[in-house]
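Topology and contacts: notes
Listed here are the chains, written in short residue letters.
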Amino acid sequence: MHKVVVLLALLLCAICSSAHAETLTLKECLDGAVATSRGLKSASHDVEIAREQVGVARSTRLPRVDLQAGYVAQAKAQAFKFGSESQETQDPRYPFANFSVYQTLYDFGRTGAAEGMARMQSEAARYSYTGNEQDVFMQVVQAYYGILTAVKLVNAAEDEVTQMLSHQKTAQALFDEGVVTRNDLLQAEVLVASSRQSLLSARNEVQKGWLLLNYLTGAPPERRAELKDDTQLPQTPSLSDAPDMSKRGELSALKAVVGADEFALKEAKTIHYPEFFAKFGVDYLSNSKVREQAIVAATVGLKVNLFDGQASTARIRQAVQARSRDEERLRDMEERTRLEYALAVSDMLVARDRISVAEKAITQGVENLRITKDRYQEHVGTATEVIDAQTLLTRTRTDYYRSIFDLQVSAARVKRATGEL
């Protein structure tokens, strides 16, 4: 029994060590999100559905072959009446069959317009998928860097607890010497408890970040790993630079939709035109009263709608309005993309400046805390000054870590605006 317990303990340690040794990169997270995202899988079906619609539109270029057969049982056979006499013209019960081949010869571009519209809609679905993919990537980037930031905030909170415990020991020693009042000691004990609460909250943010990242990447909720921290700060573009929006999926999708509207309008205008066709058919009807029971015929003709209650005119107006609507949507999307790019670049510039300021402030905060603690130990400073110095240092570190997070996310937003994430 003792050996079994030892083996289980060793196995558990091996599993824990392997889990802690696992390193996860941002690219691996992005690849996992693409492979497991339910939303992207749903969007991929939309792409396939739109692609199959091209085949449906193209099918009218090929002949249509129909076969029909059946058996008819009548109460009485149909007959001619001659005075008081009557003569049956068919059997009361008979089988029948019909075979036909119908081919459109020319329809003034109606089939081509329908095919072009389906092709453009297929492209729109494909570009929409890339837009959805970029949205998922953006969520993964925010979750990834959110965990890295939360871990650093945990370290800052742990350092604050350590410093507060050190201050509590100093206050306890000075209280035992009768140098300070009990109020300083109680204040130190309360702040230690407060720092521990902040630490618990920071650790909870890490756990919530992992739950979100695991959901986005399709990993088990309990998966934990060491995230690779890319400390290299991204380059900041200039606000005066014009963004390249050629890779933005949503814009390309709307352009394809406008193209589909053009084909839809062209198709609507061809409704007034005739359609030339050819037809070959074999009609069989079992009838002992006639000589020819199978009729074979070939037909070449045209068909045209003369009046449909002005439905075709309404369809043309509808197609024109749909095109105008989608053109406005395209222009609005272009403006919103430029705004999104400008806001992201502005946030990057501000975050970089915040990092520079925070780096200097951390150095100053560390020195300020050291001097303040020395003053307190020399009975020159007060406990409140020590607490304020520690709180200021923690806040400065928090601002620094959040500035790095904002910079990384803003850089991802810039790439998202241009469709290059």
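To keep things clear, this report deals only with the structure shown in the data block. (Residues numbered from 1 in each chain as written. Predicted model: local features only at pLDDT ≥ 70, side-chain atom pairs only at ≥ 80, totals over all residues. Heavy atoms only, no water.)

1. Considering a nonpolar patch on the surface
A cluster of nonpolar side chains, contributed by Leu105, Tyr106, Phe108, Tyr273, Phe276, Val300, Leu302, Val304, Leu306 and Phe307, occupies part of the molecular surface with about 1,100 Å² of accessible area. Breaking the nonpolar patch down by element, the ones donating at least two residues are strand S5 (93-106) and strand S8 (294-303). Residue position: Tyr273 is located in the loop between helix H6 (249-269) and strand S7 (275-285). Overall, Tyr273 belongs to the partly exposed group, its relative accessible area being 41%. (Patch = residues over 30% accessible without salt bridge, like charges linked within 9 Å, V, L, I, M, F, W, Y side chains within 5 Å. Areas by Shrake-Rupley, 256 points an atom, 1.4 Å probe, with all protein chains shown as cover. Salt bridge = Lys/Arg side-chain N within 4 Å of Asp/Glu carboxyl O. Helix = DSSP H or I, 4+ residues; strand = E, 2+ residues; numbered from the N terminus. Buried < 20%, exposed > 50% of the residue type's maximum accessible area, 1.4 Å probe, protein only.)

2. Comments concerning the pattern of salt bridges
Within the structure shown, the criterion is met by 25 salt bridges. Residue Arg416 is joined to Asp135 by a salt bridge in which the shortest nitrogen-to-oxygen separation is 2.8 Å. One end of the pair, Arg416, is in helix H8 (residues 383-418); the other, Asp135, is in helix H4 (residues 110-176), with 281 residues separating them in the sequence. One network of salt bridges, in which partners are shared, links Asp135, Arg248, Glu250, Glu340 and Arg416.

3. Side note on H4
With 67 residues, H4 extends 98 Å between its outermost C-alpha atoms, agreeing within 8% with the 99 Å of an ideal straight helix rising 1.5 Å per residue. In the segment just after H4, Gly178 is the residue with positive phi, at about 80°. (Expected span 1.5 Å × (residues − 1).)

4. With respect to the side chain of Thr104
Position of Thr104 relative to the elements: it lies in strand S5. Of the polar contacts made by the side chain of Thr104, one reaches the side chain of Glu275; its length is 2.9 Å. Excluding its chain neighbours within four sequence positions, the residues that come into contact with Thr104 are Thr60, Glu275, Phe276 and Phe277. (Polar contact = N/O pair within 3.5 Å; in protein donor to acceptor, adjacent residues only side chain to side chain. Contact = heavy atoms within 4.5 Å.)

5. Digging into the pairing of strand S3 (residues 79-82)
Taken together, the four bridges between S3 and strand S4 (residues 85-88) define a ladder with antiparallel strand orientation. Counted as the bridge partner of Ala79 is Glu88 from S4. In this antiparallel pair of consecutive strands, S3 and S4, the connection spans two residues, and Gly83 shows a positive phi of 65°. (Pairing = 2+ DSSP bridges.)

6. A word on the packing of aromatic side chains
Each aromatic ring pair is specified by the distance between its two centres and by the angle formed by the two planes. Here the structure, examined in full by the defined rule, presents six aromatic pairs. Ring geometry for Phe108 versus Tyr273: centroids 5.4 Å apart, planes at 50°, classification tilted. Here Tyr273 lies in the loop between H6 and S7 and Phe108 lies in the loop between S5 and H4, a separation of 165 residues in the sequence. Looking at Phe108, the relative accessible area reads 32%, which means it is partly exposed. Their ring planes at 85° and their centres at 5.5 Å tell us that Tyr144 and Tyr145 sit as a pair that is edge-to-face. A relative accessible area of 1% places Tyr144 in the buried class. (Phe/Tyr/Trp six-rings, centres within 6.5 Å; stacked < 30°, edge-to-face > 60°.)

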